[in-house]
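# Overview (structure and organization)
Single-letter residue listing:
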Amino acid sequence: MDLKLYEQKNQSGEVPDFDTAYAKLIISVEKAFERVCPEPPIPYLVRLGNDLKNLKGLATAPESIDSHPLFFLVKFGIEWNRPEDVIRKQAEAAFGKLYERFAGLTGGRSQADAFMRELKVGRPAPSEKTRRRKPHITVRPKPKGRKMGL
């Protein structure tokens, strides 16, 4: 299809845009896969866990919306052109729905929480109490006694 014809049909509503179609395709494939495979393989759970992390990051920092692909936002029903508080609410709602789905696939909340803890690879964030300081170097003072004579 010619680009101009595609844009005309897209604006008139006859044809969805690519990101919307791709997101709908992913949603239907995931639903079918989860029906066929009630105990999904680990790589699929890792991908869902990464989606959870991205949604959590988007809920905590909605200004980072530009770092996410448009199909990701469409897939979870997040409107990218809305104010930050609306984006935060949409991301929180999407996180809740995906977490419930994730918990159902892993066999419950406790196993879902354990799986998410395993996904957290790397150093923990430094807290305010554990600031790095320069090591204290002790300096011994010079002795103040008599000098050695000849």
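For the structure itself, consult the block above.
Summarised in this report is the structure supplied together with it.

Looking only at helices and strands, the protein chain features 6 helices and 0 strands. Counting the 150 residues in the protein chain, one finds 25% classified as buried. For the protein chain, contacts bridging at least 24 residues in sequence account for 51% of all contacts bridging at least 6. Split by element, the accessible area of the protein chain, about 12,100 Å² in all, is 57% carbon and sulfur.

Before going further, it helps to spend a moment on helix H5 (residues 84–106). Here H5 contains 23 residues, and its C-alpha end-to-end distance of 32 Å stays within 8% of the 33 Å for a straight helix at 1.5 Å per residue. Inspection of H5 places Ile87, Gln90, Ala91, Ala94, Leu98, Tyr99, Phe102, Ala103, Leu105 and Thr106 among the buried residues, and these make up the whole buried set.

A word on helix H2 (residues 18–36). Look at H2: 27 Å from first C-alpha to last across 19 residues, which is about the 27 Å you get at 1.5 Å a residue. Buried within H2 we find Thr20, Ala23, Ile26, Glu30 and Glu34. Taken end-on, H2 shows its buried residues confined to a sector of 125°, consistent with a single buried face. Turned more than 90 degrees off the buried face of H2, the exposed positions are Phe18, Lys24, Arg35 and Val36. Lining the buried residues of H2 we find helix H3 (42–60), helix H4 (70–75) and H5.

Cut-offs and rules
Residues numbered from 1 in each chain as written. Predicted model: local features only at pLDDT ≥ 70, side-chain atom pairs only at ≥ 80, totals over all residues. Heavy atoms only, no water. Helix = DSSP H or I, 4+ residues; strand = E, 2+ residues; numbered from the N terminus. Buried < 20%, exposed > 50% of the residue type's maximum accessible area, 1.4 Å probe, protein only. Contact = heavy atoms within 4.5 Å. Areas by Shrake-Rupley, 256 points an atom, 1.4 Å probe, with all protein chains shown as cover. Expected span 1.5 Å × (residues − 1). Arc of directions from axis to C-beta.

These figures come from the coordinates and say nothing about function on their own.
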